[in-house]
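This is what each chain is made of:
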Amino acid sequence: MKVEIIMPKMGESITEGTLIKWHKKVGEKIKKDEILFEISTDKVDSEVPSPENGILKEILVKENETVEVGKVVAILETDNSEYVDNLQNSPTTTQVGGEVIDIVMPKMGESVTEGTIIKWHKKVGDKVAKDEIIFEISTDKVDTEVPSPEEGILMEVLYEENQTVEVGQPVAKLKTTTGLRPISSAPETVEISEETRKSASDVPLQKEEIPSQNSNRFYSPSVINLARAEGIPLSVLDTLEGTGLKGRLTKKDLEKYIESKKSQTTIFESDKLEKPEKTTGAISAGEEIIPMDNIRRRIMEHMVKSRNTSVHVTAIAEVDMSVIYNFIKESKNRIKLTYMPFIAFATVKALQQYPLMNSSIEGTNIITKKYINLGIAVAIEPNGLIVPNIKHAEEKSVIGLAKAIADLSERTRTKKLIPEDVQNGTFSITNYGVFGTLIGTPIINQPEVGILGVGAVIKKPVVVENGGVESIAIKPRMYLSLSHDHRLIDGMIGSKFLMSIKNILENFDTSSV
């Protein structure tokens, strides 16, 4: 049977992916769990395995094309007839032989553009009668049940409960048992009478709808998802006027609020990111046009967004690394360590001492974190950067941090990261010193409020005092640079935090390693 291979969802906030490499060609055989293609998203690069044994019959998306999550990218002809056997053995009153049709997200009014599936009433393989309820949806305007357009058997469910889908997008596939039926390309508009609207507003709110913590007001999943994506707290939602049923806040209401907020912020014309246009004119001799890959474009967008969001201030300190330098040198035969786990350990201790550095800003609120998810910037060839984070770094020793850093670095470079590895970071470290750089001013990884830059450790002559006598000695020294968000972190806290890291490193208790 033919199986549709779709663009997978690699995290809650991921809506699209770029197909960067096909590992198989049309006509080639592939085994179950063998790598079929690679994708790149905002958060992570990943390899996608084949769900079944079979032959790759068709490739619908070319390399370097970006498509939405859930879109079909290839067709696989499988040699697994389990579904077919199940369908043939299912008790039916008429012979199965109709056409497979798409069940789409219906249009529940002129201004409604999407709906959230809140419950499936049928499972794959179940018989469905015509007009029997298949699933329930929630929109900005009303919650409703969606009936089956034909009698048949549910072949495939494309979206799970609580997922939001655009109007007209297929959500399931039905094999009809009453003959052939042409598939309409345009989604059917479902008109809701005033009586239906009134009755719908009187129905108790579904449990999937999320209530505000501070009031009895309820919000649909599409409103909540948009609010989360824009960093709008529930306390702000409670103050907004809704145009939906009984004053319900619709997605359109929230979008208007977001647009009005953006119009109040002046952004220089040079800061705006526009889609790159194809170059039509001739280029000069000795020039070459190289299109940015997906990762480079995302980095560009994130860096400009961070610059326009945070008020960056950078503080710099010079650190004497003699204690750690000597320990690493003396213990190299029994344990292999670099400077990074020591710097990470000192950073965690300083974050515990100054917890405001481990927080984020949401609107006019400060969100403090009781946990420390320490981001470690990892460079990837030929030109890219990903910041996975060590979960609960405060629970790890120097050795534990060394193992975690090595693991994240390896999985980043071999494309084995999972979405959770790059989510919910609270503070980041970037080590440009590994390339020999002494000082840098790193850009904050949003929505964090600080990032520590690590320079190279080099030996240099310094003035030291011993018993009141000054002399010149050769010491291993390193520059640390702290970029912090001045909206929240003033110079006093930033400097104290940086000095705390410096003091821990210079007086490190190596007996605890």
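Keep in mind it's a predicted model, so treat the numbers as computed, not measured. (Residues numbered from 1 in each chain as written. Predicted model: local features only at pLDDT ≥ 70, side-chain atom pairs only at ≥ 80, totals over all residues. Heavy atoms only, no water.)

A.B. asks: Explain the overall build of the protein to me, please; I cannot follow it from the model alone.
C.D. replies: Across its full length, the protein carries 10 helices and 29 strands. Counting all 513 residues of the protein, 40% fall into the buried class. Within the protein, residue pairs in contact and separated by at least 24 positions form 63% of the contacts whose partners lie at least 6 positions apart. Put simply, the protein shows about 28600 Å² of open surface, and 50% of that area lies on carbon and sulfur atoms. (Helix = DSSP H or I, 4+ residues; strand = E, 2+ residues; numbered from the N terminus. Buried < 20%, exposed > 50% of the residue type's maximum accessible area, 1.4 Å probe, protein only. Contact = heavy atoms within 4.5 Å. Areas by Shrake-Rupley, 256 points an atom, 1.4 Å probe, with all protein chains shown as cover.)

A.B. asks: Would you mind going over the confidence of the model for the protein with me for this structure?
C.D. replies: Caution applies to low-pLDDT parts of the model: their predicted coordinates are not meant to be read in detail. With 79% of its residues at a pLDDT of at least 70, the protein reaches an overall mean of 81. pLDDT under 50 marks residues 80-97. Its contacts with residues more than four places away, or in other chains, come to 21 contacts. Contacts for the low-pLDDT stretch residues 179-215, under 50 throughout, to residues beyond four places or in other chains number 61 contacts. (pLDDT = per-residue confidence, 0-100.)

A.B. asks: Sorry, what's going on with the pattern of salt bridges here?
C.D. replies: In the structure shown here, the tally under the stated rule is 12 salt bridges. Its salt-bridge partner being Glu132, residue Lys122 comes within 2.7 Å of it at the nearest N-O pair. Here Glu132 lies in the loop between β11 (127-128) and β12 (133-138) and Lys122 lies in the loop between β10 (114-120) and β11, a separation of 10 residues in the sequence. The partner of Asp421 in a salt bridge is Arg411, and the shortest N-O contact between them spans 2.6 Å. Pair noted here: Asp421 is in the loop between α9 (398-413) and β26 (427-430) and Arg411 is in helix α9, with a separation of 10 residues, a long-range link. Using a relative accessible area of 10% as the deciding quantity, one classes Asp421 as buried. (Salt bridge = Lys/Arg side-chain N within 4 Å of Asp/Glu carboxyl O.)

A.B. asks: How should helix α10 (residues 491-506) be read in this particular structure?
C.D. replies: Given 3.6 residues per helical turn, the α-helix brings residues three or four places apart onto the same face. With 16 residues, α10 extends 22 Å between its outermost C-alpha atoms, agreeing within 8% with the 22 Å of an ideal straight helix rising 1.5 Å per residue. Within the sequence span of α10, burial applies to Gly494, Phe497, Leu498, Ser500, Ile501, Lys502 and Leu505. (Expected span 1.5 Å × (residues − 1).)

A.B. asks: Looking at this model, I keep getting lost on the packing of aromatic side chains. Mind explaining?
C.D. replies: Considering all chains together, one arrives at 6 aromatic pairs under this definition. On the numbers, 5.5 Å between centres and 65 degrees between planes, the contact of Phe427 with Phe497 is edge-to-face. Of this pair, Phe427 sits in strand β26 while Phe497 is found in helix α10, placing the two residues 70 residues apart along the sequence. Across this residue pair, the class does not change: Phe427 and Phe497 are buried. Through successive ring pairs, a cluster of aromatic residues spans Phe327, Phe342, Phe345 and Phe508. (Phe/Tyr/Trp six-rings, centres within 6.5 Å; stacked < 30°, edge-to-face > 60°.)

A.B. asks: Just checking my understanding: could you explain the sheet that holds strand β14 (residues 152-157) for this structure?
C.D. replies: What links the strands of a sheet is backbone hydrogen bonding, and the strands pair in either a parallel or an antiparallel sense. Taken in spatial order, the 4 strands line up as β9-β16-β14-β11 in an open sheet, and their pairing is antiparallel. The open sheet has two edge strands, β9 (100-104) and β11, and neither has a second partner. Bridging between β14 and strand β16 (residues 170-176) involves 5 bridges; their strand directions are antiparallel. Bridge pairing links Ile153 to Lys175 in β16. (Pairing = 2+ DSSP bridges.)

A.B. asks: How should I be thinking about the sheet that holds strand β4 (residues 35-40) in this particular structure?
C.D. replies: Spatially, 4 strands are ordered β5-β4-β2-β7 in an open sheet, and the strand pairing comes out antiparallel. Bordering the open sheet on either side are β5 (45-49) and β7 (65-68), each of which pairs with just one other strand. Strand-to-strand twist across the sheet, computed as the mean angle between neighbouring axes with direction ignored, equals 40 degrees. Two elements, strand β2 (residues 16-22) and β4, share 4 bridges in a ladder whose sense is antiparallel. For Trp22, the partnering residue across the bridge sits in β4 and is Phe37. (Axes fitted to C-alpha atoms, helices over the stretch in contact; angles between N-to-C directions.)

A.B. asks: In this structure, what is going on with the pairing of strand β6 (residues 54-59)? I would like to understand it.
C.D. replies: Regular strands have side chains that alternate between both faces of the sheet. In terms of strand pairing, strand β3 (residues 29-30) meets β6 through 2 bridges, oriented antiparallel. The partner of Lys29 across the bridge, within β6, is Ile55. In terms of strand pairing, β6 meets strand β8 (residues 72-78) through 5 bridges, oriented antiparallel. By the bridge assignment, Gly54 is partnered in β8 with Thr78.

A.B. asks: Quick question: what am I supposed to make of the packing of helix α8 (residues 340-353) against α9 here?
C.D. replies: Two numbers describe a pair of packed helices, the interaxial angle and the distance between the axes. In the contact formed by α8 and α9, the axes pass within 8 Å of each other and the chain directions differ by 115 degrees. Once α8 is placed against α9, the crossing between them reads as right-handed. On α9, the residues touching Met340, Pro341, Phe342, Ala344 and Phe345 of α8 are Val398, Leu401, Ala402 and Ile405. Taken together, the residues of the contact of α8 with α9 break down into 9 nonpolar, no polar and no charged. (Left-handed = near helix turned anticlockwise from the far one by under 90°. Nonpolar A, V, L, I, M, F, W, Y, C, P; charged D, E, K, R; others polar.)

A.B. asks: Honestly, the packing of α8 against α10 in this entry has me stumped. Any pointers?
C.D. replies: Remark: α8 packs on α10, axes separated minimally by 9 Å, with the N-to-C direction vectors making an angle of 135 degrees. Looking at the two axes, α8 sits oblique to α10. Considering only the axes of α8 and α10, their crossing is right-handed. Counting all contacts with α8, which are made through Phe342, Ile343, Ala346, Thr347, Lys349, Ala350, Leu351 and Gln353, the residues of α10 involved are Phe497, Ser500, Ile501, Ile504 and Leu505. The residue inventory of the contact of α8 with α10, partitioned by class, reads 9 nonpolar, 3 polar and 1 charged. (Parallel < 35°, antiparallel > 145°, perpendicular 65-115°, else oblique.)

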